[in-house]
Amino acid sequence: MSPLQACLVDVYETILTCDFGRHRSELPALAGVPERAWHRELTARGPALSDGRLSTAAAFAEILRALDATPRPGLLERLVRRDRELLQASARLFDDTIWFLESLRHRNVKIAIVSNCRDNTRSLLTELGVTALADVLVLSCEAGHAKPAPQVYQHALDQLGVTAAASVFVDDQVPYCAGAAAAGITAIQITRPGAPAGSPASPGPAAAGMARVASLREAAALIWPSGRPS
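No experiment lies behind these values; they were computed from the predicted model shown.

(A) Local environment of the overall build of the protein chain. The helix and strand inventory of the protein chain stands at 11 helices and eight strands. Relative to the 2.2 N^0.38 estimate, which gives 17 Å for 230 residues, the radius of gyration of the protein chain is 18 Å and therefore close to what a compact globule would have. For the C-alpha atoms alone, the extent of the protein chain along its principal axes is close to 60 × 35 × 35 Å. When the accessible surface of the protein chain is split by element, carbon and sulfur atoms take 53% of a total near 10,700 Å².

Here is the structure:
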């Protein structure tokens, strides 16, 4: 790898974790629809939410119509607001996140936060202090493409003004790491201890030749083999 100039870092289950249990129960209860039906309709709209074809508000409006929910004044606005509130209430940065991002900045390594997400994630990252430590946020819902599409990685590289050979990518999902590797970026898969069984972050077969770590401190030790940054 060329001298490191940039690090592309995933969000969910890489720098933070969220408990979406309350989302699954509170939002359908607020809408007055069955929980399973709400989840089914939301899952069906996942790809369009991720690449920005649908905003959260538009998706919720479609779901209410699909489930023949009784229209109530202000219901859509309350759903969108509660969705954002629940995300911020349930999100928690991992203990090594700020240390890792500050270490990158200390080494003059540019940072791109690269996430497949809905339009509620930018405000979350700002609230948690991540935005202030990153050079750019490349969010799929804004970029119009989701990992592992090559356009996502290239967009991040272009925004930072660096080459793939001088960059590293850290993510919890093998397909997304493989997508970065295909774009010429050194990929590191992070598998946090205690990840729910069957989740993308839970231990499973690693891609051939791909480094795997259990924390961002371990990732740093790979990135800086001569010693961990201070």
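(B) The arrangement of helix α1 (residues 21-31) in detail. Listing the buried residues of α1 in full gives H23, L27, P28 and A31. Considered in projection along α1, the buried side chains sweep an arc of 95° and stay on one side of the axis. Buried residues along α1 sit in contact with α2 (35-44), α4 (56-66) and α5 (75-90). Residue G32 follows α1 closely and has a positive phi angle near 75°.

(C) Spotlight on the environment of E102. Its place among the elements puts E102 in helix α6 (residues 97-106). When the C-alpha positions of E102 and A134 are compared, they lie 9.3 Å apart, and in sequence the two are 32 residues distant.

(D) Spotlight on the sheet that holds strand β8 (residues 211-213). Read from one edge of the open sheet, six strands run β5-β4-β1-β6-β7-β8, paired in parallel fashion. Strand pairing shows two members of the sheet lacking a second neighbour, β5 (136-139) and β8, which therefore form its edges. Going from strand to strand, the sheet's axes swing by 25° on average, the running direction of each strand aside. Across four bridges, strand β1 (residues 6-9) lies against strand β6 (residues 167-171) in parallel orientation.

(E) Up close: the packing of aromatic side chains. Across all of its chains, the model carries three aromatic pairs by this definition. Between W38 and F60, the aromatic rings sit 5.2 Å apart at their centres with planes inclined by 55°, giving tilted as the arrangement. One end of the pair, W38, is in helix α2; the other, F60, is in helix α4, with 22 residues separating them in the sequence. You'll find W38 and F60 in the same group, each marked buried. Each ring, one from Y153 and one from F169, has its centre 5.5 Å from the other, and the planes form 90°; the classification is edge-to-face. Of this pair, Y153 sits in helix α9 (residues 150-160) while F169 sits in strand β6, and the two are 16 residues apart along the sequence.

(F) Molecular detail of the pairing of strand β7 (residues 186-190). Most of β7 sits inside the fold, with four of its five residues counted as buried. Here β6 pairs with β7 via four bridges, running parallel. Residue F169 lies in a different strand from β7, and its bridge partner there is A187. Following the backbone out of β6, through helix α10 (residues 174-182) and into the adjacent parallel β7, one traces a crossover that is right-handed. Across three bridges, the pairing between β7 and β8 is parallel. Residue I188 lies in a different strand from β8, and its bridge partner there is A211.

(G) Structural context of the confidence of the model for the protein chain. For the protein chain, mean pLDDT is 91; residues scoring 70 or higher make up 90% of the total. Per-residue pLDDT stays below 50 along residues 197-203; that stretch engages in 10 contacts with residues further than four places along the chain or on separate chains.

Definitions and limits used
Residues numbered from 1 in each chain as written. Predicted model: local features only at pLDDT ≥ 70, side-chain atom pairs only at ≥ 80, totals over all residues. Heavy atoms only, no water. Helix = DSSP H or I, 4+ residues; strand = E, 2+ residues; numbered from the N terminus. Rg over C-alpha atoms; globule rule 2.2 N^0.38 Å. Areas by Shrake-Rupley, 256 points an atom, 1.4 Å probe, with all protein chains shown as cover. Buried < 20%, exposed > 50% of the residue type's maximum accessible area, 1.4 Å probe, protein only. Arc of directions from axis to C-beta. Contact = heavy atoms within 4.5 Å. Pairing = 2+ DSSP bridges. Axes fitted to C-alpha atoms, helices over the stretch in contact; angles between N-to-C directions. Phe/Tyr/Trp six-rings, centres within 6.5 Å; stacked < 30°, edge-to-face > 60°. Right-handed = clockwise from strand over helix to strand, strands pointing away. pLDDT = per-residue confidence, 0-100.

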